[in-house]
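# Commentary on secondary and tertiary structure
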Amino acid sequence: MDSRHSPPPGPAPALAPNAAIEDAEIETTEVEDADLDPARGGNRGGNRAGRIEVRGIDRVPDAERHGRPRDLFWVWFAANITYLYFLLGGFVLLTGLNLWQSIAVVVAGNLYWVGVGTLAVSGPASGTPGVVVTRAMFGIRGNRPLSAGIGWLIAVAYEAVNLALGALAGFALAAHLGLSVSTPVKVAILVVIAAATFAISVYGHATIVRVSPWFTALLAAAMVLLTVFVLGHTRTDYAPPHPLHGAPLLTALCLGVALIAAVPLSWANGADYARYLPATTSKRDVLLSTALGAFVPAVLLGVLGVLAGTSIDMGDPQTNLAAIVPGWFYPVFLFVVVFSSLTNNVLTAYSSGLCLQSVGLRASRSRTVLIDAALSVGIAGYALFVNDFIDSLNNILAVTVVILAPSMALYVCDIVLRRNRYDGVALHDETPAGRYWYHAGFNVAGTLAFALGALASLLCVNTTVYQGPLSLAMGGADLSFLSGPLVTAAVYAVLWRRSERGAGRG
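This one's a predicted model, so the numbers in the text were calculated from it and none came from an experiment. (Residues numbered from 1 in each chain as written. Predicted model: local features only at pLDDT ≥ 70, side-chain atom pairs only at ≥ 80, totals over all residues. Heavy atoms only, no water.)

### A short note on the overall build of the chain
Within the chain, the secondary structure is distributed over 22 helices and 0 strands. The proportion of buried residues among the 506 residues of the chain is 58%. Relative to all contacts within the chain whose residues are 6 or more apart in sequence, the contacts with residues 24 or more apart total 84%. Put simply, the chain shows about 19600 Å² of open surface, and 67% of that area lies on carbon and sulfur atoms. (Helix = DSSP H or I, 4+ residues; strand = E, 2+ residues; numbered from the N terminus. Buried < 20%, exposed > 50% of the residue type's maximum accessible area, 1.4 Å probe, protein only. Contact = heavy atoms within 4.5 Å. Areas by Shrake-Rupley, 256 points an atom, 1.4 Å probe, with all protein chains shown as cover.)

Have a look at this one:
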């Protein structure tokens with residue numbers, strides 16, 4: 001990230017969507033004269049706050065790489081001060097666990113952010129986004145469906161989840177202000193939230209870095225107030241109506257961890273925001289800045305949701321929270337929920353646009369973001385107006401673990417085996433002579449390890465739409481978040497060296 005992101009003398013350039021979209025017509029590898037002139041802050045390749053980012057999945061040249069790892073902390077912190085964690089903490093308590101068991105589950109599930117931090121270290125090493133780095137694991141052709149394609153589908157699903165969460169709060173806020181919340185009003189609220197969200201993603205990396213500290217300050221201040229009010233009503237003597245023991249307790253613990261872990265597992269794109277850092281950047285600092293930036297707010301808000309659940313029904317927190325916060329703060333809280341859904345979706349939409357480019361779509365990054373926006377609005381509308389949103393959310397989170405857990409394990413394992421040595425130029429060579437072509441465009445080791453890991457997760461998953469036979473045999477315990485990664489890592493570790501030597505690259 002660019003340490004020179006401070007604005008030049010005078011006011012910062014305004015975000016003018018119409019003019020910016022017109023500029024996107026030339027968004028390939030072209031760079032404006034000002035970006036090439038060192039006296040005017042050049043060598044950034046057009047990556048400036050308030051201006052649409054020029055680069056998509058192409059490698060960031062060394063001359064354009066600047067910044068500090070701690071910039072990553074604020075990017076991830078802002079994106080993860082989100083109502084979703086508060087909601088999930090309350091869900092965990094509803095499974096029948098007691099207060100301390102629920103808190104332990106929240107912490108355990110969020111340990112998967114260490115994996116996201118590990119993925120981020122490949123960004124400075126390669127200068128490319130994560131969806132390109134995974135060509136080393138799947139091969140050029142295999143990467144399109146198994147990494148870019150699947151990653152894009154899941155990212156769009158999560159964009160829809162966040163939009164729906166923000167819209168629900170928007171509906172409640174409108175009703176609180178005395179408006180008649182008819183279907184047309186609801187649709188308008190959803191569209192407005194989506195427009196604000198995806199506008200920032202269209203502008204890209206430098207703009208996200210610039211606004212993240214401000215978003216963090218605003219959201220953190222509101223969450224501190226919420227914490228004060230929730231703690232004032234927390235029942236430390238809380239006990240579930242029917243305390244769990246033995247197999248039912250193990251089942252609830254596993255289901256809770258799988259639910260919480262689904263969110264960090266969905267962020268297999270840590271490299272996307274670290275790729276602008278110099279190649280010599282400390283791997284440790286990148287890992288810690290990324291992991292802690294997300295882990296801290298995720299755990300704090302998850303625990304806060306657990307504590308709130310001791311005094312209100314977290315099945316409908318938007319409405320029931322009014323009973324434990326002052327009247328003046330309730331509309332503030334609803335606004336914060338809307339705003340936090342925006343900050344979380346900014347990063348998701350940015351990466352989903354890169355996924356769509358990596359699949360092979362010949363369009364600028366800004367245009368792929370707009371495509372994703374249209375799809376996620378449609379899915380969110382379905383969840384809100386046709387299906388039960390809570391059921392949709394739980395199913396999305398549970399089912400995606402089957403794919404995401406093995407995917408993250410494969411990526412982390414590859415980083416360890418290669419010692420984080422990635423040739424960013426070679427990763428963009430899509431010809432049969434390229435380093436990462438392997439056999440007919442597929443890396444058999446990565447493809448097989450991923451497939452077997454996904455199968456292991458599928459056998460152990462427990463959702464409302466499907467329960468694996470091993471989960472059924474274990475009394476309903478969902479160990480998909482463990483079985484998939486373990487099988488994937490084991491298979492890949494055995495096959496990796498043979499695959500590399502067989503390709504003549506050992």
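And the narrative resumes.
### Some thoughts on the nonpolar core
Formed by 144 residues in total, the largest nonpolar core has its most connected members in W76, W113, M137 and L226. With 18 residues, helix α10 (residues 140-176) is the single largest residue contributor to this core. Contacts of M137, omitting those with residues within four sequence positions, involve L410, Y411, D414, Y422, N443, G446, T447 and Y492. (Core = buried A, V, L, I, M, F, W, Y, C linked by side-chain atoms within 4.5 Å.)

### Re the pattern of salt bridges
According to the stated counting rule, one finds 8 salt bridges in the structure shown. The salt bridge partner of R284 is D285, with a shortest N-O separation of 3.3 Å. Residue R284 is classed as exposed on the basis of its relative accessible area, which comes to 59%. Here D285 falls in the partly exposed class, since its relative accessible area comes to 31%. Because the salt bridges share partners, they merge into one network encompassing R59, D62 and R65. (Salt bridge = Lys/Arg side-chain N within 4 Å of Asp/Glu carboxyl O.)

### Focus on the environment of V286
The residue V286 is located in helix α15 (residues 283-309) in this model. On a C-alpha basis, the gap between V286 and R70 in space is 7.7 Å, while along the polypeptide they are 216 residues apart. Not counting residues up to four positions away in its chain, the partners in contact with V286 are P69, L72, A120, V121, P124, A274, L277 and T281.

### Focus on the packing of helix α6 (residues 113-120) against α15
One can describe the packing of α6 onto α15 by two numbers: an axis separation of 7 Å at closest approach and a directional angle of 150°. Viewed along their axes, α6 and α15 adopt a mutual orientation that is roughly antiparallel. The crossing of α6 and α15 is right-handed. Each of W113, V114, V116, G117, T118 and A120 in α6 lies in contact with α15, whose residues at this interface are V286, L287, T290, A291, A294, F295 and A298. Its residues assigned to classes, the contact of α6 with α15 shows 10 nonpolar, 3 polar and no charged. (Axes fitted to C-alpha atoms, helices over the stretch in contact; angles between N-to-C directions. Parallel < 35°, antiparallel > 145°, perpendicular 65-115°, else oblique. Left-handed = near helix turned anticlockwise from the far one by under 90°. Nonpolar A, V, L, I, M, F, W, Y, C, P; charged D, E, K, R; others polar.)

### Some points on a positive patch on the surface
A cluster of basic residues, K283, R419, R421 and R497, forms a positive patch at the surface. Residue position: K283 is located in helix α15. (Patch = residues over 30% accessible without salt bridge, like charges linked within 9 Å, V, L, I, M, F, W, Y side chains within 5 Å. Lys, Arg positive; Asp, Glu negative; His and termini not counted. Charge placed at Lys NZ, Arg CZ, Asp CG, Glu CD.)

### Quick look at the packing of helix α5 (residues 99-110) against helix α13 (residues 246-265)
In contact at an axis separation of 8 Å, α5 and α13 are set at 40° when each is read in the N-to-C sense. Considered as vectors, α5 and α13 are oriented oblique to each other. Considering the relative orientation of α5 and α13, their crossing is right-handed. Residues Q101, V105, V106, A108, G109 and N110 of α5 form the contact with α13, whose own contacting residues are L249, L253, G256, V257, I260, A261 and P264. Residue composition of the contact of α5 with α13, by class: 9 nonpolar, 4 polar and no charged.

### Regarding unusual backbone geometry
We note that R419 has phi near 55°; this positive angle belongs to a residue other than glycine. Inspection of the secondary structure assignment puts R419 in the loop between α19 (389-418) and α20 (444-460). Overall, the relative accessible area of 62% leaves R419 in the exposed class. Residue A440 is not a glycine yet carries a positive backbone phi of 55°.

### Brief notes about the side chain of T488
Position of T488 relative to the elements: it lies in helix α22 (residues 480-502). You can call T488 buried: its relative accessible area is 0%. In contact with T488, other than residues within four places in its own chain, are P406, A409, L410, A449, F450 and G453.

### Section: a nonpolar patch on the surface
Taken together, V399, V444, L448, L452, L455, L458, V465 and Y466 make up a surface patch of nonpolar side chains, about 650 Å² in accessible area. Element by element, the count of residues in the nonpolar patch is highest for α20, at 5 residues. In this fold, L455 is placed in helix α20. L455 sits in the partly exposed class, given a relative accessible area of 44%.

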